[in-house]
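These are the residues of each chain, in order.
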Amino acid sequence: MAKKSSAPASNARQAKIQAAQKQQGGGANKIVVATVVLVVAIIAVVAGVIWVEQSKQDEITGGGNALPPGVSELGAGFPAFADVTPNEGAPTLDLYEDFQCPACASFEALLGPTIEELATAGDIRLVYHVKNFLDDNLRNDSSTRAGNAAFCAADAGKFQEYHDQLYAQQPATEGDGFSNETLTSIATSVGISGDALTTWEGCLKAGRYTDYVNSVEEASFQDGVRGTPTVRINGEEIELAAIQTPDLLKQAVEVATK
């Protein structure tokens with residue numbers, strides 16, 4: 001008796017094997033596609049988190065272009081007592097200073113109260129130009145951080161008070177600089193508290209006004225200011241010896257009043 005051919009059975013088995021291989025290949029493809037989709041989703045989430053964090057940072061720092069209240073552009077001085085309407089013909093007094101400068105602290109102790117008196121009376125337009133050149137000389141960043149802290153205080157309406165306390169609490173040894181603890185202590189001592197203090201602390205940490213302070217340094221240097229303190233009345237530089245007492249300063253202001 002002839003043997004029954006096994007070809008059909010063999011072909012059937014081969015067909016099943018091929019079908020299984022295709023099925024397995026399809027499964028692998030599905031896994032690869034699913035993995036790619038998952039990776040893309042993770043990347044999207046991470047990118048979204050980074051974008052949100054960067055947006056928050058830009059909101060705090062102003063994207064590097066943050067300006068204190070009343071300042072029109074980078075490099076421009078800060079108008080103090082902006083709520084006071086100057087009297088007719090009142091001259092502009094530009095004061096260039098660095099918070100690490102011992103001579104500036106002495107100047108403030110001697111003439112600061114008189115300058116503030118003239119400003120609050122509307123007898124001058126007072127504009128501060130906060131410089132930071134001493135950071136390079138003293139190899140620290142204290143002038144920049146103190147300047148930033150003062151303008152953070154301006155956001156809380158406390159610039160002048162903070163400004164005055166920076167000089168009152170200037171380190172006895174030039175170059176020691178201001179610690180963040182001291183800068184924060186000054187903030188609370190001038191009445192910044194609650195939500196305003198939280199905002200101030202965020203401003204300090206982020207260095208919101210660092211670029212602004214740098215821009216003032218650059219602009220004042222280009223304008224010929226090489227040291228601090230420097231006083232200009234209506235754009236004319238005044239020799240410090242000519243205004244070394246409150247009365248002499250008042251006389252200089254009176255002469256410049258139109």
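Caption draft 1: A look at the packing of aromatic side chains. Taken as a whole and judged by the stated rule, the model has eight aromatic pairs. Here the aromatic rings of Phe151 and Tyr212 are separated by 5.2 Å at their centres, their planes lie at 85 degrees, and the arrangement is edge-to-face. Of this pair, Phe151 sits in helix 4 (residues 142-155) while Tyr212 sits in helix 8 (residues 210-222), and the two are 61 residues apart along the sequence. On the basis of relative accessibility, which here comes to 1%, the residue Tyr212 falls in the buried class. Through pairs of rings, three or more aromatic residues link up here, namely Phe78, Tyr128, Phe151, Phe159, Tyr209 and Tyr212. Across from the ring centre of Phe221, 3.7 Å away, lies the NZ or CZ of Arg226, which sits over that ring.

Caption draft 2: Structural view of the state of the cysteines. Under the counting rule described, the total for this entry stands at one disulfide. Covalently, Cys152 is tied to Cys203 through a disulfide, its sulfur atoms 2.0 Å apart. Here the S-S torsion is close to -80 degrees, and the disulfide linking Cys152 with Cys203 is therefore left-handed. In this pair, Cys152 is assigned in helix 4 and Cys203 in helix 7 (residues 194-206), connecting sequence segments 51 residues apart. By relative accessible area, Cys203 is classed as buried at 4%.

Caption draft 3: Representation of the packing of helix 2 (residues 102-120) against helix 5 (residues 159-168). Two elements in contact, helix 2 and helix 5, have axes whose closest approach is 9 Å; the angle formed by their N-to-C orientations is 150 degrees. Helix 5 is crossed by helix 2, and the crossing has left-handed handedness. Side by side, helix 2 and helix 5 meet where Cys104, Ala105, Glu108 and Glu116 of the first sit next to Gln160, His163, Asp164 and Tyr167 of the second. Tallied by class, the residues present in the contact of helix 2 with helix 5 amount to three nonpolar, two polar and three charged.

The rules behind each value
- Residues numbered from 1 in each chain as written.
- Predicted model: local features only at pLDDT ≥ 70, side-chain atom pairs only at ≥ 80, totals over all residues.
- Heavy atoms only, no water.
- Phe/Tyr/Trp six-rings, centres within 6.5 Å; stacked < 30°, edge-to-face > 60°.
- Helix = DSSP H or I, 4+ residues; strand = E, 2+ residues; numbered from the N terminus.
- Buried < 20%, exposed > 50% of the residue type's maximum accessible area, 1.4 Å probe, protein only.
- Lys NZ or Arg CZ within 6 Å of the ring centre and 35° of its normal.
- Disulfide = S-S within 2.5 Å.
- Axes fitted to C-alpha atoms, helices over the stretch in contact; angles between N-to-C directions.
- Left-handed = near helix turned anticlockwise from the far one by under 90°.
- Contact = heavy atoms within 4.5 Å.
- Nonpolar A, V, L, I, M, F, W, Y, C, P; charged D, E, K, R; others polar.

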